Amino acid sequence: MKKRISQKKAQAAMEFLMTYGWALLVVLIAIGALAFFGVLNPSRFLPNSCTLAPGFACTDFKADASGGNVEIVLQNGLGESLNNVRLELDKGSGAGNCATLHTFSPSSYTFSDGGSTLFTLNCGLTPSLQGTKLKADLIITYTVGSGTTALTHSKVGQLVTGIEA
């Protein structure tokens, strides 16, 4: 009698798996296809953002696939004029870095308090990247004051933006 009950349970379990196993298999194949074609790629849903350390503000930014550059407008809100300002974009290991096409020096330019400056970073973006997201660290280095007592500071932020045509 006990053997018969366990056979019935085994048969019921097997029928359940055969009935609903096909549906489960179809769902798994559909999820796999969506992941393969990039529909489930979470980076597509990240909002565009540019964040830096307190004292700096990204007022506008753009990644341009046709020109290969990333353009960022920064505003200095540190309360002091800055010299030797350099902005870099670190796209991560193996992806290459972007550096400013120009570096400001004390004799030619001072990033004054409250002032805004357009930084153009040569990143080598290609048209094939259009429509994808760029997520990278922003590294700004600068000195406050000039002469032998000027110290170099470095701040890190993050840029997430879609690559435009």
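Everything quoted here is computed from the prediction, not taken from an experiment.

**Here's the deal with the nonpolar core**
Thinking step 1. Counting 25 residues, the largest nonpolar core has Val70, Ile72, Leu74, Leu87, Leu89, Leu138 and Leu159 as its most contacted members.
Thinking step 2. Element by element, the count of residues in this core is highest for strand 7 (residues 133–144), at five residues.

**Description of the confidence of the model for the chain**
Thinking step 1. Taken as a whole, the chain shows an average pLDDT of 81; of its residues, 84% reach a score of 70 or greater.
Thinking step 2. Scored below 50 in pLDDT, residues 101–108 makes 15 contacts in the model with residues more than four places away or belonging to other chains.

**Here we look at a nonpolar patch on the surface**
Thinking step 1. A surface patch of nonpolar side chains, amounting to about 950 Å² of accessible area, comprises Met14, Phe16, Leu17, Met18, Tyr20, Trp22, Leu25 and Ile29.
Thinking step 2. Along the chain, the position of Ile29 falls in helix 1 (residues 2–36).

**Considerations on the pairing of strand 8 (residues 151–164)**
Thinking step 1. Two elements, strand 1 (residues 49–51) and strand 8, share three bridges in a ladder whose sense is antiparallel. Within the sheet, the bridge partner assigned to Cys50 lies in strand 8 and is Leu159.
Thinking step 2. The pairing of strand 2 (residues 56–64) with strand 8 spans two bridges and is classified as parallel. Each bridged residue has a counterpart across the sheet, and for Ala63 the counterpart in strand 8 is Ile163.
Thinking step 3. With 12 bridges joining them, strand 7 and strand 8 adopt antiparallel strand pairing. Residue pairing in the sheet places Ile140 in a bridge with Lys155 of strand 8.

Conventions used here
Note on numbering: residues in each chain are counted from 1, in written sequence order. Note on the predicted model: pLDDT of at least 70 is required for a residue's local features to be given, and 80 or more for side-chain atom pairs to be given and counted; whole-chain, interface and lining totals, by contrast, use all residues. Only hydrogens and water are set aside when side-chain values are computed; all heavy atoms of the structure are taken into account. Residue types Ala, Val, Leu, Ile, Met, Phe, Trp, Tyr and Cys, when buried and joined through side-chain atoms within 4.5 Å, form a set referred to as a nonpolar core. Categorising residues by exposure relies on relative accessible area from a 1.4 Å probe, with only protein chains included: less than 20% of the type maximum marks a residue as buried, more than 50% marks it as exposed, and the intermediate range marks it as partly exposed. Starting at the N terminus, helices and strands are each numbered in turn, a helix being any DSSP run of H or I of at least four residues and a strand any DSSP run of E of at least two. Every residue is assigned a pLDDT by the predictor, reflecting its confidence on a scale from 0 to 100. When checking whether two residues touch, look at their non-hydrogen atoms; a contact exists if any pair is within 4.5 Å. For patch building, the residue pool is restricted to those with more than 30% relative accessible area and no salt bridge; the joining distance is 9 Å between like charges and 5 Å between nonpolar side chains (Val, Leu, Ile, Met, Phe, Trp, Tyr). The accessible surface values rely on the Shrake-Rupley method and a 1.4 Å probe; as for residues, cover is taken only from the protein chains in view. Whenever a carboxyl oxygen of Asp or Glu lies within 4 Å of a side-chain nitrogen of Lys or Arg, that contact is scored as a salt bridge. At least two DSSP bridges between two strands are required for those strands to pair.

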